[in-house]
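# Tertiary structure, described
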Amino acid sequence: MIPQIFKCMVSLSLKSKSQPVKRPQLCFSISALSFSSLQPENPIPKPAVPLAEYLINHHQFSPEAASKASSSFAYVKNPQQSDLVLSYLQETGFTKTHLEKLVKRYPKVLFVNPHIIKPKIKIFQDSGFSASDIADIVSTGPWILKRSVDNRLGPSILVLKSVLGSNDSVAKLLKSSGWFLKHDLEKTMMVNIDFMKSCGISPAQIINYVFIFPRLFLLKPQSIVNSAKRVEELGLDRNSKLFLQAIRVLCSMSLKNWELKRELFRKLGFSETDILAVFKRSPQVFCVSEKKIKQVTSFLITAANIDFSYVVRFPELLIYSIEERLKPRLEIMEILEKKQVLNKKPSLVTTFKLPHKKFLEKRLESKNPVAVSNYLINQHHFSPEAALQASSTISYLKKLHYLDMGLSFVRERGFSQCHLKKLIRKLPGLLFSDVDKSIKPKLKFFQDLDFSPSDIADIISLKSSGRFLKHDLEKSMVPNIEFLKCCGISSSVILKRLVKFPRFFLLKPERIEDLAKRVDAMGFDSMSKIYLPAMRVLTSMNSENWELKLDAFRCLGGFQRMIS
């Protein structure tokens, strides 16, 4: 290299003096030539990977979850670190569903050093939480991974345990209200709870409210104290079970909104005394919207026929939904009263206040055979005997609307009162079930086989009809009837035998064909009236019994030639 540089310099020096060599330029050239080969090359950075592609291809995320995460970060620059994060979380009990939920809510977790995440998970493990609970809590509130273990997570978990008593209760709360861990609970929650206890509120009610109204316990303590004073000024005693509810209501409303709500009641016709009575009996009513209070009040006064005094006595009615509770229950009670199936008419407040399950049990699902029997006698003219028989099997009031539809449906299709009595006595469940799912398909089946309405009524009301009404007729009866028709047996003969021996038609089609072959081999003509009875007789005995029967005839002597 040096000799070449030297030759270059000599060559330049021999050039004309009119073209002097520019030393700075020469020095630069020499420097470049001398050290360019000694300088290290810059490493080529690895290209960033699209985040959505990485999550789908490397960790089998759903396209929806991957797309949501990539809306915040388009690329992942260090997939190896993200792999470590996801692998660690999987090892601690996170399922793919947990990981997708976590990454969708907090995609930045993919770029966090695993050593930063581990202490946040460990504090829950050391506190005795199960792996599944930890995964549920963190994936629901991923900001937990950004909180200090010593200053926030650890102390908050200890406070919640002291209040709620168990890890299960703490986990239940944090799964829905994980933001508790964002606050200094010693300065908010514990101060508020101590004040509530000093007011005489029981620990059980406090714990219940922690789950129902968790944000109440994170309010500034002075706000709780001020609201408690106002509640007492409004006439509600601390010993009342509604005292804590009243505190919560006033905490949720500004003084301006409180006055607007009182003005609303005044416009609806409530006096000041009425308004205070409403608050003391049901503070929650003051959290109901103005629109709903107007609509429910109007409904109760017009549709339910009650006055303001009734609403003042039972203001909790203003909380219920018109469409989901008040109106449907009012209609149900009117129907039951009209059909005379109520032994005693309950009060409106009882009707409206019962929880949904209890209402069904007391009004629709409880057994009341006497009411059902009276209904059948009075509304459908059943004999006392038939009505009693049906009501002993089906005695639920909620089935009556099905019965009305069922009886109406079959009467329109030719069923007489005699048919109905037989049917209700033998198969009451059929009429008390959904018409479209039970009766209608059965009737259509026989209609498609060209049976007349009177024939269908005879078949359905048979004592033994239940045998084939419970089977898949398309797989058994249809192929058998078609086969018998192909053998030359008339529809009238088939119907006669169907009414008399329904079980025969439910045999497997292969069995019917085998019986026909055996009867043919014995010399029976398919056009004979005894062809079908012969087949049925063979179904009633196995081969051993058949041979025993033949032996009996052989012993009689005179039948030997006839048998052979």
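Definitions and limits used
- Residues numbered from 1 in each chain as written.
- Predicted model: local features only at pLDDT ≥ 70, side-chain atom pairs only at ≥ 80, totals over all residues.
- Heavy atoms only, no water.
- Helix = DSSP H or I, 4+ residues; strand = E, 2+ residues; numbered from the N terminus.
- Buried < 20%, exposed > 50% of the residue type's maximum accessible area, 1.4 Å probe, protein only.
- Contact = heavy atoms within 4.5 Å.
- Areas by Shrake-Rupley, 256 points an atom, 1.4 Å probe, with all protein chains shown as cover.
- Core = buried A, V, L, I, M, F, W, Y, C linked by side-chain atoms within 4.5 Å.
- Axes fitted to C-alpha atoms, helices over the stretch in contact; angles between N-to-C directions.
- Parallel < 35°, antiparallel > 145°, perpendicular 65-115°, else oblique.
- Left-handed = near helix turned anticlockwise from the far one by under 90°.
- 1 Å grid on protein atoms, 1.4 Å probe; cavity = no way out; pocket = protein on both sides within 12 Å on 5 of 7 lines; lining within 4 Å.
- Points joined across faces, edges and corners; volume = space filled by probe spheres on them.
- Nonpolar A, V, L, I, M, F, W, Y, C, P; charged D, E, K, R; others polar.
- Arc of directions from axis to C-beta.
- Salt bridge = Lys/Arg side-chain N within 4 Å of Asp/Glu carboxyl O.
- Polar contact = N/O pair within 3.5 Å; in protein donor to acceptor, adjacent residues only side chain to side chain.
- Phe/Tyr/Trp six-rings, centres within 6.5 Å; stacked < 30°, edge-to-face > 60°.
- Lys NZ or Arg CZ within 6 Å of the ring centre and 35° of its normal.

## Some remarks on the overall build of the chain
- Helix and strand counts for the chain come out as 35 helices and two strands.
- Relative to its 564 residues, the chain shows a buried fraction of 41%.
- Taking the contacts inside the chain whose residues are at least 6 apart along the sequence as the reference set, 69% of them involve residues at least 24 apart.
- Total accessible area on the chain is roughly 32,100 Å²; 55% of this is exposed by carbon and sulfur atoms.

## Regarding the nonpolar core
- Counting residues in each nonpolar core, the largest one holds 103 residues, and the members touching the most others are Phe124 and Leu300.
- Ignoring anything within four residues of it in the chain, the contact list for Phe124 reads Phe129, Ile134, Ile137, Ile144, Ile157, Leu174 and Leu181.

## With respect to the packing of helix α4 (residues 63-70) against helix α6 (residues 96-105)
- At a minimum axis distance of 8 Å, the contact between α4 and α6 shows a crossing angle of 25°. By the angle between their axes, α4 is roughly parallel relative to α6. Crossing hand, α4 versus α6: left-handed. Packed against α4, whose contacting residues are Glu64, Ala65, Lys68 and Ala69, the element α6 presents Glu100, Val103 and Lys104 at the interface.

## Describing empty space enclosed by the protein
- Applying the stated rule across the entire model yields one cavity of 30 Å³ or more.
- By volume, the largest cavity amounts to about 30 Å³.
- Forming the walls of the largest cavity are Arg497, Phe501, Phe504, Phe505, Leu532, Pro533 and Arg536.
- Ranked by residues supplied to the lining of the largest cavity, first place goes to helix α33 (residues 531-539) with three residues.
- Across the lining of the largest cavity, the residue classes tally to five nonpolar, no polar and two charged.

## Remarks on helix α27 (residues 439-448)
- Considered for burial, the residues of α27 that qualify are Ile439, Lys442, Leu443, Phe445 and Phe446. In a view along the axis of α27, the buried residues occupy a sector of 150°, so they form one face of it.
- Asp450 occupies a position one or two residues after α27 and carries a positive phi of about 70°.

## Some points on the pattern of salt bridges
- Per the stated rule, a full pass over the model turns up twelve salt bridges.
- The shortest N-O distance in the salt bridge between Arg262 and Glu272 comes to 2.8 Å. In this pair, Arg262 is assigned in helix α15 (residues 255-267) and Glu272 in helix α16 (residues 272-281), connecting sequence segments ten residues apart.
- Taking the relative accessible area as the measure of exposure, Arg262 reaches 13% and is therefore buried.
- Between Arg266 and Glu263 there is a salt bridge; the shortest N-O distance is 3.0 Å. Remark: Glu263 and Arg266 occur in helix α15; sequence separation between them is three residues, near one turn of the helix.
- With relative accessibility at 34%, the residue Glu263 sits in the partly exposed group.

## Describing unusual backbone geometry
- One non-glycine residue with positive phi stands out, namely Gln60, at about 55°.
- Along the chain, Gln60 falls in the loop between α3 (51-59) and α4.
- Under the relative-accessibility criterion, Gln60 is labelled partly exposed at 48%.
- One non-glycine residue, Asn305, lies in the positive phi region at around 65°.
- Considering the arrangement of structural elements, one finds Asn305 in the loop between α17 (290-302) and α18 (308-313).

## Observations regarding the side chain of His59
- With respect to the element layout, His59 can be found in helix α3.
- At 3.0 Å, the side chain of His59 forms a polar contact with the side chain of Tyr54.
- The contacts of His59, once residues within four sequence positions are left out, are Tyr54, Asp83, Leu86 and Lys96.

## Focus on the packing of aromatic side chains
- Counted by the stated rule, this structure contains eleven aromatic pairs.
- On the basis of an interplanar angle of 80° and a centroid distance of 5.2 Å, the ring pair of Phe265 and Phe270 is categorised as edge-to-face.
- Assessed through its relative accessible area of 0%, Phe265 is described here as buried.
- Relative to Phe286, the ring of Phe265 lies with its centre 5.3 Å away and its plane at 50°, an arrangement referred to as tilted. Of the two residues, Phe265 is situated in helix α15 and Phe286 in the loop between α16 and α17; the sequence distance between them amounts to 21 residues. Comparing Phe265 with Phe286 shows no difference in burial state: the two are buried.
- The lysine or arginine in question, Arg230, covers the ring of Trp258, its NZ or CZ lying 6.0 Å from the ring centre.
- Here the basic side chain of Arg248 rests over the ring of Phe213, its NZ or CZ set 3.9 Å away from the ring centre.

## Considering the packing of helix α7 (residues 114-126) against helix α8 (residues 131-140)
- Taken N-terminus to C-terminus, the directions of α7 and α8 make an angle of 135°; their axes are 10 Å apart at the nearest point. In terms of their interaxial angle, α7 and α8 are classed as oblique. The hand of the α7/α8 crossing is right-handed. In this structure, α7 uses Ile121, Phe124 and Gln125 to contact α8, whose residues at the interface are Ile134, Ile137 and Val138.
- The residue inventory of the contact of α7 with α8, partitioned by class, reads five nonpolar, one polar and no charged.

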